[in-house]
Amino acid sequence: MELAGLGRKRALVVTDRQLAEKTDIVGRVTRALGAACAGVYADVPADSGVHVVNEAAAFGKARGADSIVSIGGGSVMDTAKGVAILLTEGGSLQDYQGFQLLTRDQTTHICIPTTAGTGSEVTYVAVIKDHEGRRKLLFADYHIIPDVAILDPQLTIGLPPRLSAATGLDALSHGIEAVTSAQREPIADALGLHAVRLIREHLPLVMKNGADIAARGQMLIAATLGGAAFSNAQVGLMHAIAHVVGARHGVHHGLANSIVMAHVIRFNNDVVADRHRLIAEAFGVDVRGCSDDAAGLSLAAALTEFQRQVGLPLSFREAGVPESDLEACAEAALSDGSIVYNAKPVSDPAEVLSVLKAAWRGPA
Ligand SMILES: [Fe+2]
């Protein structure tokens, strides 16, 4: 119905093997599409890459697709954004890497998220891995914002606990980084702080009972709020580091943000302690009578405790990042697009390295 409302007739379904073969979600969507299903591309891996986008776009083109329905997490939705570009523009995906390079509407895209984290269903950003270059490419353009997002908590019920926690922490990092960003603004504050509130309350409920449909629904809303918040205000050093350890060592994006979160808060605390106080209040930390500085430090401690409670590893050491690569990671993070918007300007690799080293060791 949404597709018809958008005036499209042949949708390419983009998804992953797990969803296509181990659940009935994709089958339900293709049955609903009926003759409007141009075909199903189900080979999106957990950390998608440029070659996947090329392959999916070629498949869609051969099937005469005029639109895309993506079903999955951030990797699937970001792949579909890349496919949307190639189906409209043709050529090579790398040509469109960067900020606001497109000049017209891209292929119609309906997102059906099956994780509550990335917020990609409402953002103008796609992060796609260049496996050969061991880096993540950033595509940021208003023309790749999906046309419709369908939030159905039933679809996140089967998400395993570890992924529920890691993706939830990604959403939390979006809220926090949007509120502290160098490009922060009041609307992103409202969206980001409410995302923080919802995650604090509902992620523990999801961890206790993965079938809690109300809590799952609130987490989906929190993820979408977080995505909208950082679409306005951007993200910062947490994401710069998460992109690098994801590209170089395959650390899950949400987990990487989670591990580095408290360390980045301590690093930024001397310039945005007042913002950290707002986040601490939204996160339910009692900061009455505290200085802003102390409130920021309490927030960092509370986040580490929260991550422990939801069962996530707390150090890059545990996540498999070799200590010998931390210097190279710090260098690479400096050229990530997100670092520009960090609350505190960062230009010295030694500063990033100190954050990375602390995150590698984890809490004492
Ligand atoms: Fe993220």
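Residues numbered from 1 in each chain as written. Predicted model: local features only at pLDDT ≥ 70, side-chain atom pairs only at ≥ 80, totals over all residues. Heavy atoms only, no water.

*Asks:* Sorry, what's going on with helix α7 (residues 186-208) here?
*Replies:* Because the α-helix completes a turn every 3.6 residues, residues three or four places apart line up on one side. The end-to-end C-alpha separation of α7 is 34 Å, in line with the 33 Å expected for 23 residues at 1.5 Å each. The sharpest bend along α7 measures roughly 30° and falls at I199. Every buried residue belonging to α7 is among A188, D189, G192, L193, A195, V196, L198, I199, H202, L203 and V206, and all of these are buried. Contact partners of the buried residues in α7: α6 (161-180), α8 (213-233), α10 (253-282) and α11 (292-309). Residue E185 occupies the N-cap position of α7, its side-chain oxygen lying 3.0 Å from the main-chain nitrogen of I187. (Helix = DSSP H or I, 4+ residues; strand = E, 2+ residues; numbered from the N terminus. Expected span 1.5 Å × (residues − 1). Bend = angle between axes of the 7 residues up to and from the residue. Buried < 20%, exposed > 50% of the residue type's maximum accessible area, 1.4 Å probe, protein only. Contact = heavy atoms within 4.5 Å. Polar contact = N/O pair within 3.5 Å; in protein donor to acceptor, adjacent residues only side chain to side chain.)

*Asks:* Even after reading the chapter, I still don't get the coordination of the iron ion, so can you show me in this structure?
*Replies:* Reference values for coordination geometry: four tetrahedral donors around a metal ideally subtend 109.5 degrees, six octahedral donors ideally subtend 90 or 180 degrees. Here the iron ion is held by the protein donor atoms D170 (OD), H174 (NE2), H239 (NE2) and H253 (NE2), which lie 2.1 to 2.2 Å from it. Coordination at the iron ion is irregular, judged from the four donor atoms that bind it and the angles of 85 to 169° they form at the metal. The sequence pattern describing where the donors of the iron ion fall on their chain is D-x3-H-x64-H-x13-H. Of this pair, D170 sits in helix α6 while H253 sits in helix α10, and the two are 83 residues apart along the sequence. (Donors = N, O, S within 2.8 Å, 3.2 Å for Na, K, Ca; no water. Tetrahedral: all angles 85-135°; square planar, octahedral: opposite > 155°, others 65-115°.)

*Asks:* What is the right way to look at the pattern of salt bridges in this model?
*Replies:* Once the charged atoms of two side chains with opposite charge are near each other, the side chains can pair. Evaluation of the coordinates by the stated rule reveals 13 salt bridges. In this structure, R308 and E305 form a salt bridge, with 3.1 Å as the shortest nitrogen-oxygen distance. Here E305 and R308 lie together in helix α11, a separation of three residues that amounts to about one turn. Among the residues examined, R308 registers a relative accessible area of 44% and is labelled partly exposed. Here the residues in one salt-bridge network are R17, E21 and D43, joined through shared partners. (Salt bridge = Lys/Arg side-chain N within 4 Å of Asp/Glu carboxyl O.)

*Asks:* Could you clarify how one ought to interpret the side chain of R275 in this entry?
*Replies:* Turning to its location among the elements, R275 is positioned in helix α10. Residue classification places R275 among the buried residues on the basis of a relative accessible area of 12%. Contact partners of R275, with chain neighbours within four places excluded, come to V179, T180, R184 and D189.

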